[in-house]
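Now for the letters of each chain:
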Amino acid sequence: MIPPAVEFVDVHAWFGPTHVLRAIDLAVAPGETVVICGPSGSGKSTLIRAVNGLVAHGAGTIRVAGLVLDGSAKATDAVRARVGMVFQSFDLFPHLTVLENCTLAPLHARRLGLKAARDLALGHLDRVGLADRAGRLPAELSGGQQQRVAIARALCLEPEVMLLDEPTSALDPEMVGEVLAVLTDLARGGTTLLCVTHEMGFARAVADRVVFMDEGQIVEIAPPDAFFDQPQHPRTQAFLSRILG
Amino acid sequence: MSSDGNPERFVRAAMIPPAPPPRRLGGPLARIRATLFPDLANGLVTLAILAALVWLVPAAFRFLVVDAIWTGASGEACRPEVTGRPVGACWAFIGDKINYLAYGSYPAAERWRPNLFFGLLAFGAAWMLWLGAPKRAWGAVYLFVAVPVLAYLLLAGLPALGLASVATALWGGLLVTVVVSGVGIVAALPLGILLALGRRSDWPVIRILSIGFIEFWRGVPLITVLFMANVMLPLFLPGDLTVDRLVRPLVGIALFASAYMAEVVRGGLQAIPVGQRQAALALGLTPFQATRAVVLPQALKIVVPGIVNTLIGLFKDTTLVAIVGLADFVRVLEAARADPRWSAPAVPVTAYVFAALFYFAVCFGMARYAGFIERRLAAGDAR
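Residues numbered from 1 in each chain as written. Chains lettered and ligands numbered in written order. Predicted model: local features only at pLDDT ≥ 70, side-chain atom pairs only at ≥ 80, totals over all residues. Heavy atoms only, no water.

### Brief notes about the overall build of chain B
Helices and strands together make up the secondary structure of chain B, namely 15 helices and 0 strands. The C-alpha radius of gyration computed for chain B amounts to 30 Å, which surpasses the reference 21 Å derived for 383 residues by more than 25%, pointing to a less compact arrangement than a globule. Referenced to the eigenvectors of the C-alpha coordinate spread, the extents of chain B come out at roughly 120 × 80 × 40 Å. Going through the 383 residues of chain B one by one, you find that 38% of them count as buried. Sequence-distant contacts, at least 24 apart, represent 67% of the contacts inside chain B between residues at least 6 apart. Counting only carbon and sulfur atoms, one obtains 71% of the accessible surface of chain B, whose full area is about 21800 Å². (Helix = DSSP H or I, 4+ residues; strand = E, 2+ residues; numbered from the N terminus. Rg over C-alpha atoms; globule rule 2.2 N^0.38 Å. Buried < 20%, exposed > 50% of the residue type's maximum accessible area, 1.4 Å probe, protein only. Contact = heavy atoms within 4.5 Å. Areas by Shrake-Rupley, 256 points an atom, 1.4 Å probe, with all protein chains shown as cover.)

Here it is as structure tokens:
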């Protein structure tokens, strides 16, 4: 059996007194696309931020690409070098050009040469259709273009796992499509994706499995057809009836 | 309108040449009206300012230029009863004392050394301030490392190199003001940045030490700092260890300014969204790299006005070193005007006007340069 790309074993996390992740068990196979959904405050973002150590987990074991996140700087750095992340609010670096945003990680974290880093960045910008904007500043781009740059920036790590935290929630409706198209392309290309999203059409079309979370727990995990057509848990049914109308 | 007859007789055969706009809508008169007298209140303010200018500008011009005395060897030349006409500024006095104002009591034969220092400093400053200059990273190394070392060797002297030692007690005037404010600026900016980062550190020891340092130096008046540095510091040091009379206030001013600088920089750090740091960490950058490449450049850009404000304050505060016996620019001006050979009513006034013009020129230059930098950075945002 192939070892999982990401594995949670009985993971708990706390923000102060608040118990935000409760007994999470989840294994994501290499190349798999997992969509995580659930009501606001259910711990979805915390779950994927725990994967690259942006949130420290209080108990349990998280394994990423065979490395155990034990809270040490060494393990955290090693995991972050293998995991790309895309945020809801893009978080491009506004003082750097699109190309410089993308070469930052190759130059600093991967210690590539300038030429190699530029070629790599231009390659990934081309993949998201924005190679012609390499010299622009983020503020000159539309929201959809910024998010595509953020995806290219994460891809420049050549990650084994991509984490996406509501990548389309801050976008105008007409720009959601272009970002989802890039993500669909990534998922079909065999990148391991962990994606928090409310785009149920995307989940149904692209996900291998859908995870439903509520109150810090995983309530239900199912392939998309089963998840949407025959949700098992009453809380899942209530959630789906609310968002699908 | 009649429908009979040839309609073409109502059509003009030739174009009418364009007429100028009504005088109330275009031209210089209308512009003056719109900008200076748009309504009663603004019109009154305009008139009040005009009246003040009419009253002040000719008087200042008469004092500074028309009635000014340009040549003369002593105070006699600047006395109205001798010249037989109204006397304005006594520029002859400044001209006579210019070397003293520039170098203090620095030996006349060695004055090429401060001159060379001013030249090296001006070259480095121009290299850094001119944004299009080549190899500005080397400019920074030159200005922040090479110039201080060269300046020390040049000004204090190194007999082994054939440069006679010149005691700091002899330094004075512009030289001391430039050295004190230069050291203050060069030390305050990096120290302030380190303190601001330390104050936001996750490590309690570093955070508490930074807070303690900043609050201590901000809580003490600069005069007290200077007295402490001058009088108390030697008491705390072992008897055989003496710190130079010039270095003591230098250290005091540098630490004092860095505490203020730290708070300015901290304001910028707090304005950067936490997502920027998280995005940098998620890209595999170490916390140090995330700070250096992502957070700090954005934070410093925001606080350019505050940094320049602090530097201008620091520059003017250097006049306080006169209190602990350093012969800075204002102090030598005071000494020069007390020269009995130049006793004339116009001389003290001239001295203070000259000091005001000097400090204003430097501070205004700093402010204008900062404005230029801000506009450039803002243009980068809007592009």
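### Regarding the overall build of chain A
Secondary structure summary: chain A contains 9 helices and 10 strands in total. Relative to a compact globule of 245 residues, whose C-alpha radius of gyration would be 18 Å, chain A shows 18 Å and is just as compact. The C-alpha extent of chain A, read off along each of the three principal axes, is 55 × 40 × 40 Å. Within chain A, the fraction of its 245 residues that count as buried is 54%.

### Considering the sheet that holds strand β1 (residues 6-15) of chain A
Residue and element names in this part refer to chain A. Read from one edge to the other, the open sheet built from 4 strands follows the order β2-β1-β4-β5, with strand pairing classed as antiparallel. Unpaired on one side and paired on the other, β2 (18-28) and β5 (67-68) mark the two borders of the sheet. Sheet topology places strand β4 (residues 59-64) next to β5; 2 bridges connect them, and they run antiparallel. Along β5, the bridge assignment pairs R63 with V68. With respect to the sheet, helix α1 (residues 44-51) is in contact with β1, β2 and β4, its orientation differing from that of β1 by roughly 120°. (Pairing = 2+ DSSP bridges. Axes fitted to C-alpha atoms, helices over the stretch in contact; angles between N-to-C directions.)

### Re helix α6 (residues 173-188) of chain A
Residue and element names in this part refer to chain A. A rise of 1.5 Å per residue sets the reference length of α6, with its 16 residues, at 22 Å; its end C-alpha atoms lie 23 Å apart and thus fit the reference within 8%. Among the residues of α6, those classed as buried are M175, V176, V179, L180, V182, L183, T184, L186 and A187. The inward-facing, buried residues of α6 contact β3 (33-37), α4 (114-127), α5 (143-155), β7 (161-165), β8 (192-196) and α7 (200-206). Phi turns positive one or two residues past the end of α6, at G190, with a value near 95°. (Expected span 1.5 Å × (residues − 1).)

### Some words on the environment of L320(B)
On the secondary structure map, L320(B) appears in the loop between α13 (304-317) and α14 (329-337). Once residues within four sequence positions are removed from consideration, L320(B) is found in contact with L222(B), I223(B) and L226(B).

### Some points on the packing of aromatic side chains
Residue and element names in this part refer to chain B. All chains considered together, the criterion is met by 20 aromatic pairs over all chains. Measuring from ring centre to ring centre gives 6.1 Å for F329 and F354, while their planes differ by 40°; the resulting arrangement is tilted. Taken as a pair, F329 in helix α14 and F354 in helix α15 (residues 346-382) lie far apart in primary sequence, 25 residues in all. Clustering of aromatic rings is evident, with ring pairs tying together F315, F329, F354, F358 and Y359. (Phe/Tyr/Trp six-rings, centres within 6.5 Å; stacked < 30°, edge-to-face > 60°.)

### Focus: the pairing of strand β9 (residues 209-214) of chain A
With 5 of 6 residues buried, β9(A) lies mostly within the body of the structure. Hairpin remark: β9(A) followed by strand β10 (residues 217-222) of chain A, antiparallel, with 2 residues in the connecting loop; positive phi at E215(A), about 50°.

### Observations regarding the interface of chain A and chain B
Much of the literature gives interface size as the accessible area that the parts lose upon coming together. Contacts between chain A and chain B engage 24 residues on the former and 20 residues on the latter. Summing the contributions of chain A and of chain B, the shared interface buries around 1900 Å²; its carbon and sulfur component is 61%. The largest per-residue losses of area from chain A upon contact with chain B belong to F93(A), H95(A) and H108(A), which jointly make up 27% of the total buried on that side. Linking chain A with chain B are 0 salt bridges, by the criterion used here. On inspection of chain A and its partner chain B, the count reaches 6 residue pairs in polar contact (both at pLDDT 80 or more). Mapped onto the side of chain A that touches chain B, the elements with two or more residues apiece are α2 (73-80), β6 (83-86), α3 (98-108) and α5 of chain A. Among the elements that make up the side of chain A that touches chain B, the one with the highest residue count is α3(A) (3 residues). (Buried area = accessible area lost by both parts, 1.4 Å probe. Salt bridge = Lys/Arg side-chain N within 4 Å of Asp/Glu carboxyl O. Polar contact = N/O pair within 3.5 Å; in protein donor to acceptor, adjacent residues only side chain to side chain.)

### Looking at the state of the cysteines
Going through the model one piece at a time under the given rule, you end up with 1 disulfide over all chains. The thiol sulfur of C156(A) is not disulfide-bonded, and the nearest other cysteine sulfur, from C102(A), lies at 4.7 Å. (Disulfide = S-S within 2.5 Å.)

### What to know about the nonpolar core
One finds F8(A), I36(A), F117(B) and W171(B) to be the most contacted residues of the largest nonpolar core, which totals 93 residues. If you count residues domain by domain, this core takes at least three from each of domain 2 (68-106 + 330-383) and domain 3 (109-329) of chain B. Beyond its immediate sequence surroundings of up to four residues, F8(A) is in contact with I24(A), D25(A), L26(A), L47(A), A50(A), V51(A), T61(A) and I62(A). In this structure, V98(A), L99(A), L183(A) and V210(A) belong to the second largest nonpolar core, which totals 48 residues. (Core = buried A, V, L, I, M, F, W, Y, C linked by side-chain atoms within 4.5 Å. Domains from an automatic or database assignment.)

### Looking at the domain arrangement of chain B
According to the domain assignment, chain B contains domain 1 (27-56), domain 2 (68-106 + 330-383) and domain 3 (109-329). Between the C-alpha centres of domain 1 of chain B and domain 3 of chain B the distance comes to 45 Å.

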